[in-house]
Amino acid sequence: MSRPRAADVAVGTELPEQTTRVTRADLLRYAGASGDFNVIHWNERVAREVGLPGVIAHGMLTAGLAARAVTAWAGDPGAVVDYHVRFSRPVVVPDDDAGAEVTVRGRVAAVLDGGRVRVDLTVTSGGEKVLSLARAVVALG
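Residues numbered from 1 in each chain as written. Predicted model: local features only at pLDDT ≥ 70, side-chain atom pairs only at ≥ 80, totals over all residues. Heavy atoms only, no water.

### A word on the pattern of salt bridges
One pass over the structure, following the stated rule, counts 11 salt bridges. Taking the shortest distance from any N to any O, the salt bridge between Arg24 and Glu44 comes out at 2.5 Å. Highlighted residues: Arg24 in helix α1 (residues 24-34) and Glu44 in helix α2 (residues 44-49), separated in sequence by 20 residues. Measuring nitrogen to oxygen at the nearest pair gives 2.7 Å for the salt bridge that ties Asp26 to Arg29. In this pair, Asp26 and Arg29 are both assigned in helix α1, 3 residues apart and thus about one turn of the helix distant. Taking relative accessible area as the criterion, Asp26 reaches 23% and is therefore assigned partly exposed. One continuous salt-bridge network, built from bridges that share partners, spans Arg24, Glu44 and Arg48. (Salt bridge = Lys/Arg side-chain N within 4 Å of Asp/Glu carboxyl O. Helix = DSSP H or I, 4+ residues; strand = E, 2+ residues; numbered from the N terminus. Buried < 20%, exposed > 50% of the residue type's maximum accessible area, 1.4 Å probe, protein only.)

Okay, here's the thing in C-alpha cells:
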C-alpha cells in the first residue's frame, strides 16, 4: 500500500480493517517485552477473584494494536503526532489456541491544517467496543 497524501484524503476516508488474534502466548511475550507481569494477565483464578471475566490482555497491548492499524495506513510510524485512547472493556483471552480477536476500523474524521488528519478508531473484541475515544492525528505528506 502506498503512503496516503493529504491531497488524496477526505473526511470519511476509511483505513483498511485489521484483525489480530491475541493468545495467552502473546500475553506472555508482551509481559516479557514490557515488564508487566501483573497476575491478571496470566492467572485465571486471580483474574476472576478481582472481578474480571477471565485473563485479560494488557491495555497497552490493545492500544498498540490500534496504533499499528494507523501506522500501517500512514506508512510511517513517525507520522502519528498525537494518539489517545480510553479503555472501556478488557480483551478477555481464553486459555485455548484460538485466543481472542481484536478488530480495528478507522475513518478520517477531520482534515486539519498543515496536511494533518484526525483518524477516529473503533476497536472491538468479541463484538464489544474495547477502546473508546480512540483517535490519532496523522501528518500526511
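Okay, back to it.
### Side note on the environment of Ala79
Mapped onto the elements of the fold, Ala79 is located in the loop between α3 (59-74) and β2 (80-87). The buried category is assigned to Ala79, whose relative accessible area is 3%. Spatially, the C-alpha atoms of Ala79 and Val138 are 5.4 Å apart, while their sequence positions differ by 59 residues. Leave out the neighbours within four places in its chain, and Ala79 touches Arg3, Ala74, Val137, Val138 and Ala139. (Contact = heavy atoms within 4.5 Å.)

### Structural notes on α1
For α1, the complete set of buried residues consists of Arg24, Leu27 and Ala31. The buried residues of α1 occupy one face: seen down the axis, they fall within an arc of 50°. Counted as exposed and oriented over 90 degrees from the buried face of α1: Arg29, Gly32 and Ala33. Looking at the buried residues of α1, the elements they touch are β1 (18-22), α2 and α3. Directly after α1, the chain includes Gly35, whose backbone phi takes a positive value near 80°. (Arc of directions from axis to C-beta.)

### Focus: the side chain of Asn43
Inspection of the secondary structure assignment puts Asn43 in the loop between α1 and α2. Judged by its relative accessible area of 15%, Asn43 is buried. At 3.0 Å, the side chain of Asn43 forms a polar contact with the backbone nitrogen of Arg45. A polar contact is formed between the side chain of Asn43 and the backbone nitrogen of Val46, at a distance of 2.9 Å. (Polar contact = N/O pair within 3.5 Å; in protein donor to acceptor, adjacent residues only side chain to side chain.)

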